[in-house]
Amino acid sequence: MKCSTGGEAAAKALIDLGVEYVFTLTGGHLNHIHLHLEESPVRLIGTRHEQGATFMADAYGRMTGRPGVAMLTAGPGFTNALTPIMHALFCNTPLLVIAGAAGIEHRDKLDLQDAPQLAAVTPMVKKAFVCTQASRVAEYVEMAYRTAYTGRPGPVFLELPCDVLGAEIPGGEAPYFKTKVHSQPVDREAAARTLELLRNARKPLIVAGSGAGCAKAGPELQRFIEAAGIPLYTCNMARGIVSDEHPLCFGLAHPSRNGAATQAYLDADVLLVLGHRISLVEFFGALINKDAALIQVDIEGEELGRNRQVQLPVMSDVGGFVRELNALAAQRPLDPARYEPWIAFVRDEQRKYEEERKPAVTSDAVPINPQRLVRELDEYLSGEDDIIIADGGDTHTWVQVGRTVRKPYRLLDHGLFGCIGGGICNTVTARLLYPDSRLALVTGDGSLGFNFMEINTALRYGMCFVIVVCNDASWGMIRHSQQLRFGRPFDFVAWLGATPYHTMVEGMGGKGFLVTRPEELRPALDAAFAANTVALVNVMTDPEVISPASTSLSKLGAYKTN
Ligand SMILES: Cc1ncc(C[n+]2csc(CCOP(=O)(O)OP(=O)(O)O)c2C)c(N)n1
Ligand SMILES: [Mg+2]
C-alpha cells in the first residue's frame, strides 16, 4: 500500500476496509490520521465525549455485525472510553478501538498524556495491539479489524503512538494483507443428534441470543420453527430475527423478566440454546427445568456448559448449524402435531401474563404508569421498520417486555454489562444506519443525563429522532430495590427531582414537550415526530411502579441457586 506516513497508512487501511464511520473526538495525538480522512469516503462523526463515540461505535457493531470504529486521543480520551469498551466485551460486539498515545521516543519521561493504556485495556478486550513502526500501521489496522469480527466477535484495541503516526515510511510503501474471512466453523454431525433429541421431546423450546443475530440466522430459524412447530424466545441482538408477531415467536427470552416465559422454561423438556449465554437472567440456570436436556450451540467453547450441565454441547456457528438442521429435517421431517399441546400451554401462559398486565398497560392514572407509556409507544411505532432504543433501569425492563419487535436490529438495549447511559449514542448510530425509519429512544431520566451533550452531536449532524423520557424523578430501579430490600428508598442518593429536560433540549436548538396526563401522550408524539429535529417528550411517570428487574436486583447477593 502506498503511503507517506504512519497516519496516512492508518487512514488508507480504514478506507480500504470499507469503514463507513469513525466515531471520534479530536486530540493532538490523532491529527496525523484525521488529516487523511478529511477528504475520504469515511465519515467522521465528532462527539462531545469519548464515551459517546465508543458507545456509538459499539451500536454500529451490534446493529451491523461489522466492526464499529472508535478513534480516541491519548490518555484521558482513552480512559473516558473504558466503560463502553467493557460493555462491548459483555455484548461480544465487533468493535475496533484505535487510540493515539505518547510517542515511543518519549515514553516514561513525563510526556503529555503518557498512560499505561495497553495494561489498562488488556483485560477488557479480545486482543490489544500496539504498533511501533510506521511501515506496519496498515498491517496492524487490518489485523485488528479482522480480529474484531472473526470467531466470537469482540472489542479489539490498537494503540498508535503519535511519533509512529507522524513518521515517514521509508520508500513510501507499506505491507498490507487484506483478508476477508467469510466462513465460520459448523458442526454438522451435531445437527443430526439435535434432531433426534427434538423428535423424542414433548415440550421443546428454542432460545436465540446475539450469536444467532450476529450469524443472521433469522430466515433459516423461521423456516425451522415452522417446519418443526417448536416455540421460540429471543433476546439481545436476536430480538426480531423472527418477528414477535409470528405465531411461534413469544418475544423476550429472559424468564426472570418476561413473566410469560417463566413457566415455559420451567416445564420444557428439551431446550435448544442458540448463541445465547446462560447467565443471571436465567438465575444462573436455576430458571430452566432441572431435568431438561440442554443443547447449546455457540461459536465459543468457553460458553458451552457455563452454569448448567449441557447434554449436547455444539461448538458451531449458529447460522450454519440451523441451515444444517433444515437440510436434515427436509429429508426426514419432524412432526409438529406432537408439540401442539405444548404450544397451547405456552400460548396460555402468554395470555395469562397479558391479562395480568392489562390494568397497568391501560391505566389512566396520574402520574402516568410507565407500562401504559410503553404500550402507547409500542402501538404508536407499529411499523416493522420502526426502531426503539431502550435505556434506563426499570424503563429499560418495561421496553424489553413491552416492545413488539418485528425485524432484526429494531430494538437495542444495554445488554449484560447493565451499563446505563448509552441511549442517545445508540440512537445517533441507529439514525445513521436507518435514515428513513421512525426512531425513538425510550429512556429513564437518570440514564438520559450521562451523555446528554450527544444531543448536540445529533443536532450538529442534522439528525431527527424522538427521545421519550420516562421521568420518575429518580434512579428508579435502585430506589425500588432499596424499598424492597431495606423497607425504604434511600432518597438521599436515589432521588433526582423533576428536571425539565424538555426545556433543556429547546435550549440546545431542538424541540421539547411536557406530558403529565395519559391523554396528552398521543398529541405529544404526533408533534415530536413531526418536529424534524431532535424532539424530547418529558413524560412524568409514577415513581412507585416496580419492575421485575428491580425485584431481582433487591435479591442481589441474597439468593443462592445451588
Ligand atoms: C453506569 C451505571 N451507573 C450506575 C448503575 C446502577 N443503576 C442501575 S439502574 C439505575 C437507575 C436508572 O435510573 P433511570 O435511568 O432514571 O431509570 P429508571 O430505573 O428510573 O426507569 C442505576 C443508577 C448502572 N447500572 N450503570
Ligand atoms: Mg428514573
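Residues numbered from 1 in each chain as written. Chains lettered and ligands numbered in written order. Predicted model: local features only at pLDDT ≥ 70, side-chain atom pairs only at ≥ 80, totals over all residues. Heavy atoms only, no water.

## Considerations on the overall build of the protein chain
The line we're drawing: Secondary structure is summarised from DSSP: a helix means a run of H or I of at least four residues, a strand means a run of E of at least two, and numbering begins at the N terminus for each. In this setup the radius of gyration rests on C-alpha atoms only. A globule is expected at 2.2 Å times the number of residues raised to 0.38. The buried label applies to any residue whose accessible area, calculated with a 1.4 Å probe on protein chains only, is under 20% of its type's maximum; exposed applies above 50%, and partly exposed to all values in between. We call two residues contacting when some pair of their heavy atoms lies within 4.5 Å. Surface accessibility follows the Shrake-Rupley procedure with a 1.4 Å probe radius. Residue values consider only the protein chains on display as shielding.
On a plain count of helices and strands, the protein chain comes out with 24 helices and 18 strands. Taken against the 2.2 N^0.38 rule, which gives 24 Å for 562 residues, the C-alpha radius of gyration of the protein chain at 24 Å falls within 12% of a compact globule. C-alpha atoms of the protein chain, sized along the principal axes, occupy 75 × 60 × 45 Å. Counting across all 562 residues of the protein chain, residues that qualify as buried make up 60%. Sequence separation of at least 24 residues holds for 74% of the intrachain contacts in the protein chain that already meet a minimum separation of 6. Here the protein chain displays about 21,500 Å² of accessible surface, and carbon together with sulfur accounts for 53% of that area.

## Things to note about the pattern of salt bridges
Let me state the cut-off plainly: Salt bridge, as used here, is a side-chain nitrogen of Lys or Arg placed within 4 Å of a carboxyl oxygen of Asp or Glu.
This structure, assessed with the given rule, holds 37 salt bridges. Among the salt bridges present, the one from glutamate 8 reaches lysine 12, with a minimum N-O distance of 3.9 Å. With a gap of four residues between them, glutamate 8 and lysine 12 both fall in helix α1 (residues 6-16), about one helical turn apart. Classification of lysine 12 by relative accessible area gives partly exposed; the value is 31%. For the salt bridge of lysine 352 with glutamate 349, the shortest nitrogen-to-oxygen distance reads 3.1 Å. Taken as a pair, lysine 352 and glutamate 349 lie in helix α14 (residues 340-361) at a separation of three residues, close to a single helical turn. Taking the relative accessible area as the measure of exposure, lysine 352 reaches 38% and is therefore partly exposed. Three or more residues are tied together by salt bridges with common partners; here these are Asp364, Arg372, Arg375, Glu376, Glu379 and Arg522.

## As for the site of ligand 1
Spelled out, the test is: Near is defined per residue: the residue qualifies when any heavy atom it owns lies within 4 Å of the molecule or strand. Within 3.5 Å is the distance limit for a polar contact, defined as a pair of N or O atoms, with the added protein rule that one can donate a hydrogen and the other accept it, and that residues adjacent in sequence qualify only through two side-chain atoms. Under the grouping applied here, Gly and all other residues not named as nonpolar or charged are polar, the nonpolar ones being Ala, Val, Leu, Ile, Met, Phe, Trp, Tyr, Cys and Pro and the charged ones Asp, Glu, Lys and Arg.
Around ligand 1 lies a shell of 16 residues, among which Thr395, Gly418, Asp445, Ser447 and Gly476 are the nearest. Contact distances for ligand 1 include 3.0 Å between an oxygen atom and a side-chain N or O atom of aspartate 472. One of the backbone nitrogen or oxygen atoms of serine 474 is found 3.0 Å away from an oxygen atom of ligand 1. When the free accessible area of ligand 1 is taken as 590 Å², the share hidden by the protein chains comes to 78%. Put simply, the parts of the chain that give the shell around ligand 1 at least two residues each are α16 (394-402), α18 (445-450) and α20 (476-486). Across the shell around ligand 1, the residue classes break down as four nonpolar, nine polar and three charged.

## Re the sheet that holds strand β15 (residues 439-444)
Quick note on the threshold: In this analysis, strands are considered paired if DSSP registers two or more bridges between them. Inter-axis angles, ranging from 0 to 180 degrees, are taken between N-to-C directions of lines fitted to C-alpha atoms, where helices are fitted over the stretch in contact.
Pairing in this open sheet of six strands is parallel, and the strands run β14-β13-β15-β16-β18-β17 from one edge to the other. Unpaired on one side and paired on the other, β14 (411-412) and β17 (511-515) mark the two borders of the sheet. Bridge count between strand β13 (residues 387-391) and β15: five bridges; the pairing is parallel. Counterpart to alanine 390 in the pairing with β15 is valine 442. Along the sheet face, helix α23 (residues 521-530) touches β15, β16 (465-471), β17 and β18 (534-540) and points at about 175 degrees away from the line of β17.

## Quick notes on empty space enclosed by the protein
In plain terms, the rule: Buriedness of a pocket was judged along seven lines, with at least five required to meet protein on both sides within 12 Å; pockets are open sets of points on a 1 Å grid over the protein atoms alone, cavities are sets where a 1.4 Å probe fits but cannot get out, and lining residues have an atom within 4 Å of a point. Grid points are joined across faces, edges and corners, and a volume is the space filled by probe spheres set on the points.
One pass over the structure, following the stated rule, counts one cavity of 30 Å³ or more. Taken together, Phe55, Arg62, His87, Ala390, Asp391, His414, Cys419, Gly422, Gly423 and Asn426 form the lining of the largest cavity. The set of elements that each furnish at least two residues to the lining of the largest cavity consists of α3 (50-64), β13 and α17 (423-433).

## Considerations on the packing of aromatic side chains
For clarity, the threshold we go by: Each Phe, Tyr or Trp ring, with Trp reduced to its six-membered ring, pairs with another whose centre is within 6.5 Å; inter-plane angles below 30 degrees give stacked pairs, above 60 give edge-to-face pairs, and intermediate values give tilted ones. Both a distance and an angle decide whether a charge sits over a ring: NZ of Lys or CZ of Arg must be within 6 Å of the ring centre and within 35 degrees of the ring normal.
Summed over all chains, the structure comprises 13 aromatic pairs. Ring centres 5.9 Å apart and planes at 70 degrees place the aromatic pair phenylalanine 129 and tyrosine 140 in the edge-to-face group. Here phenylalanine 129, found in strand β5 (residues 127-130), pairs with tyrosine 140, found in helix α7 (residues 137-149); they are 11 residues apart in sequence, far enough to count as distant. Take phenylalanine 129 and tyrosine 140: they sit in the same class, and that class is buried. Taken together, Tyr21, Phe23 and Tyr60 form an aromatic cluster joined through their ring pairs. Seen from the ring of phenylalanine 529, arginine 438 lies directly overhead, with NZ or CZ sitting 5.9 Å from the centre.

## Description of the coordination of the magnesium ion (ligand 2)
Worth spelling out the cut-off: Donor atoms are limited to N, O and S found within 2.8 Å of the metal ion, a distance that becomes 3.2 Å for Na, K and Ca. With water left out, some sites might look partial.
In the first shell of the magnesium ion (ligand 2), the protein supplies Asp445 (OD), Asp472 (OD) and Ser474 (O), at 2.0 to 2.1 Å from the metal. Here the donor residues of the magnesium ion (ligand 2) share one chain and are spaced in sequence as D-x26-D-x1-S. On the criterion of sequence distance, the pair formed by aspartate 445 in helix α18 and serine 474 in the loop between β16 and α20 is long-range, its members being 29 residues apart. For the pair aspartate 445 and serine 474, one class covers both residues: buried.

## Let's talk about the pairing of β17
Under the convention used in this document: Convention used here: a crossover is right-handed provided that the path from the first strand, over the helix, to the second strand proceeds clockwise when the strands point away from the viewer.
Relative to β18, β17 is paired through five bridges, and the arrangement is parallel. In the strand pairing of β18, glycine 512 is matched with leucine 536. Viewed along the sheet, the connection from β17 through α23 into β18 turns out right-handed.

## Focus on unusual backbone geometry
With an omega dihedral of -5 degrees, the bond running from valine 366 to proline 367 counts as a cis peptide bond. On the secondary structure map, proline 367 appears in the loop between α14 and α15 (370-380). Of note, asparagine 236 is a non-glycine position whose phi angle comes to about 50 degrees, a positive value. Position of asparagine 236 relative to the elements: it lies in the loop between β8 (232-234) and β9 (249-252). On the accessibility criterion, asparagine 236 (19% relative accessible area) is buried. Positive phi, close to 45 degrees, is recorded for phenylalanine 283, a residue that is not glycine.

## Considering the sheet that holds strand β3 (residues 68-72)
Here six strands make up an open sheet; going across it, the order is β2-β1-β3-β4-β6-β5 and the pairing parallel. The two strands at the open ends of the sheet, each matched to only one other strand, are β2 (43-46) and β5. Recorded for the sheet is a direction-independent mean angle of 20 degrees between the axes of neighbouring strands. The pairing of strand β4 (residues 95-101) with strand β6 (residues 155-161) spans seven bridges and is classified as parallel. Each bridged residue has a counterpart across the sheet, and for alanine 99 the counterpart in β6 is glutamate 159. Across the sheet, α3 lies against β1 (21-24), β2, β3 and β4, angled at about 165 degrees from β3, the strand it touches most.

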